[in-house]
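Each chain, letter by letter, is given below.
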Amino acid sequence: MQDNHPRHPLKTKAKVLLSSVFGPYARDDAFGSRQVNPMELYHNQVTRAQGVFSLRMFHRSFGLLMIQANMDAPSTLLDFPDLERFEAEIRDNHYDIVGISSIIPNVGKVKKMCELVRTHLPGAALVIGGHVANLPDLADRISADHIVKGDGIGWFRRYLGQDDKKPIRHPQVLSAHGTRILGHSLSRKPGDTAAVVVPSVGCPMGCNFCSTSNLFGGKGHFLNFYETGDELFAIMCELEEKLQVSSFFMMDENFLLHRKRALRLLELEQQHNKSWSLYIFSSARVLQSYSMDQLVGLGVSWVWMGLEGKKSRYRKLNGIDTLALVKGLQAHGIRVLGSSIIGLENHTMENIDQVIDYAVSHNTDFHQFMLYTALPGTPLHKELQEADLLLPESAMPPADTHGQYRFNHRHPHIHDHQEEKLLQDAFRRDFEKNGPSLYRLIRTMLQGWLCYKDHPDARIRRRYAEEMQPLRTTYAAAVWAMQKWYSRIDPELAGKMRLLLKQLYQTFGWQTRLYAPTVGRYIHFAMHLEEKRLAQGWTPEPVTFCEKKPARDGEVTAQTAPAREQGLPQMVEAALVFSKAN
């Protein structure tokens, strides 16, 4: 079979720049940024109504990091630059290839960056990838030489004349940075943040709204970078040593679906006495196919699970009692992030309150709400397009099509932008009914400790002891501050927090009883300062990363720019930091 894949004439001698789109990201501008859609996954889609209790953090562009790690050519990775920083990079340096990754709402930024590359590096090959590649007319919107849909690692390896069958080299990177909650930036000590592991890309479940599934071939298609538990175990051991971590965020759409690989990893953890914590994505059906002993033994301590919506048409939830499943996981200390959709076909203004109440009744530790959104390339988009139900771009531009604002189609029952208020109501009701996610998380962690602190397996006892250590100190202090905060505004919720604090005192003794009110007063004061910052429009922006890799086996050198913020000046960082952010 003839290989028609493009090849760069310089092969691995080509100098490559990889870049994410430019910031700032949390303001309305002409390029596609929106204040309502910041670069903070949790604050944007999960804890957005929680004010000072909202979990604020940023995540690296993991796809670009994976590509750079597997590229034999000299390369520079520019992550979260502002426009001036990106232009300076291409003005002051020579590159033969420029690769840009983006999501669809930022297509306007991609267009601007392509224009700048054509001006400053007219001879460079322009490669565009990421979710923006799902746009069917992307080639008409921007000036690019290549649009890559799907596997960027394999594409670049072939483009540079490398062997695309060689094992995937995994980058050494933490799952988050710039984490902040209750007015404090969290600890940056080694081991306080989970490492990222990317076992595969794509999702075989193929939900009709899933852009990720479509990007890698649709229903039934995915790409395993690591087929076996042995391969994963070796990577995790390397990350454990180099990054000094014992927790791992498995960036896999349905990690437990690959049962043979997961159980082999469990076997190796047991053989080598590894007390690791795993944060995973999983469908409810697959999760339920494992015993609790297997989940706990594997180290599953946090799971992101689709709940979609009551009576949804998704078979992955058929016959699953998600209320009982969530409660059962939490009883064993496994924190749950539930994900629900607002605006499914069967949702009406008459039943939407029941839909939201059902989602809220799960009392998950975190809850994501998203609008039912027809992203280009997905089966849902095609279905609505054929039914002539999609809104024109003049009414709903790509910059606003991100699931946290309005529908990009005409809904059969919800009209006149009512969905905007419904989405806000869902976040608000979950927060008011169940309290801050931090409170829920601490409650679940305590359940896990009480369940496993005397477990006969020393490996499991050790994991829970390490993972639950903050309950004795900083988390207890946070509960003290939260119950004081709520004492005047919600006595019922404050009473629940006082009960949790009492349980922490009874469990951990006099040191916790002394520590919590002492440090809690400081946290409570910082919360009021943070509330004022937020009221005046402050919002964080990610720092800029610039990482250079000279050649195939060269060491990556990193430069990090100062953090960018909007609104108020930087508040003096608190002396107290939280540990073990989840």
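Please read all numbers here as calculations on a predicted model, not as lab measurements. (Residues numbered from 1 in each chain as written. Predicted model: local features only at pLDDT ≥ 70, side-chain atom pairs only at ≥ 80, totals over all residues. Heavy atoms only, no water.)

### Remarks on the overall build of the chain
From N to C terminus, the chain includes 20 helices and 20 strands. Since a compact globule built from 582 residues should have a radius of gyration of about 25 Å, the 24 Å found for the chain is in line with a globular shape. Dimensions along the principal axes, computed over C-alpha positions, put the chain at roughly 70 × 55 × 50 Å. In the chain, which comprises 582 residues, the share counted as buried stands at 59%. Sequence separation of 24 or more characterises 76% of the internal contacts of the chain that already satisfy a separation of 6 or more. Of the accessible surface of the chain, which amounts to about 24,300 Å², a share of 52% is contributed by carbon and sulfur atoms. In the chain, the 69 positive side-chain charges and the 63 negative ones have mean positions that sit 4 Å from each other. (Helix = DSSP H or I, 4+ residues; strand = E, 2+ residues; numbered from the N terminus. Rg over C-alpha atoms; globule rule 2.2 N^0.38 Å. Buried < 20%, exposed > 50% of the residue type's maximum accessible area, 1.4 Å probe, protein only. Contact = heavy atoms within 4.5 Å. Areas by Shrake-Rupley, 256 points an atom, 1.4 Å probe, with all protein chains shown as cover. Lys, Arg positive; Asp, Glu negative; His and termini not counted. Charge placed at Lys NZ, Arg CZ, Asp CG, Glu CD.)

### Section: helix α2 (residues 62-69)
When you tally the buried positions in α2, you get 7 out of 8 residues, the bulk of the element. For α2, the complete set of buried residues consists of Phe 62, Leu 64, Leu 65, Met 66, Ile 67, Gln 68 and Ala 69. Looking at the buried positions of α2, the neighbouring elements they touch are β1 (16-20), β3 (75-79), β4 (97-101), α6 (152-159), β9 (195-197) and β18 (545-549).

### So, the environment of Phe 62
Inspection of the secondary structure puts Phe 62 in helix α2. On the accessibility criterion, Phe 62 (14% relative accessible area) is buried. On a C-alpha basis, the gap between Phe 62 and Asp 79 in space is 10.0 Å, while along the polypeptide they are 17 residues apart. Ignoring anything within four residues of it in the chain, the contact list for Phe 62 reads Val 173, Leu 174, Ser 175, Val 196 and Met 251.

### Concerning the side chain of Glu 467
Tracing the backbone shows Glu 467 in helix α17 (residues 458-467). A distance of 2.9 Å separates polar atoms of two side chains, one belonging to Glu 467 and the other to Ser 301. Ignoring any residue separated from it by four or fewer positions in sequence, one finds Glu 467 in contact with Ser 277, Tyr 279, Ser 301, Arg 335 and Met 445. (Polar contact = N/O pair within 3.5 Å; in protein donor to acceptor, adjacent residues only side chain to side chain.)

### Quick look at the packing of aromatic side chains
Under the criterion given, the structure shown has 22 aromatic pairs. Centre to centre, the rings of Phe 249 and Tyr 279 are 6.1 Å apart; their planes meet at 80 degrees, and the pair counts as edge-to-face. With a gap of 30 residues between them, Phe 249 in strand β12 (residues 247-250) and Tyr 279 in strand β13 (residues 277-281) connect regions that are remote in the sequence. By relative accessible area, which is 9% here, Phe 249 ends up buried. Relative accessible area serves as the criterion here: at 6%, Tyr 279 is assigned to the buried category. Of the aromatic side chains, those joined through ring pairs into one cluster are Tyr 42, Phe 249, Tyr 279, Phe 281, Trp 302, Trp 304 and Phe 366. The ring of Trp 538 is capped by Arg 533, whose NZ or CZ atom sits 3.9 Å from the centre of that ring. (Phe/Tyr/Trp six-rings, centres within 6.5 Å; stacked < 30°, edge-to-face > 60°. Lys NZ or Arg CZ within 6 Å of the ring centre and 35° of its normal.)

### Some thoughts on the sheet that holds strand β2 (residues 56-58)
Taken in spatial order, the 3 strands make up an open sheet running β2-β7-β8, and their pairing is antiparallel. Edge positions in the sheet fall to β2 and β8 (184-185), since each of these pairs with one other strand and no more. (Pairing = 2+ DSSP bridges.)

### Focus: the sheet that holds strand β14 (residues 300-308)
Strand order in the open sheet formed by 6 strands is β9-β12-β13-β14-β15-β16, and the pairing between neighbours is parallel. Looking at the sheet topology across the chains shown, the edges are occupied by β9 and β16 (366-371). Between one strand axis and the next, the sheet turns through 20 degrees on average, direction left out of account. In this structure, β9 lies alongside β12, joined through 3 bridges in parallel fashion. Opposite Ala 195, over in β12, you have Phe 248 as the bridge partner. Sheet strands in contact with helix α12 (residues 322-331) are β14 and β15 (335-342), and its direction is about 165 degrees off that of β14. (Axes fitted to C-alpha atoms, helices over the stretch in contact; angles between N-to-C directions.)

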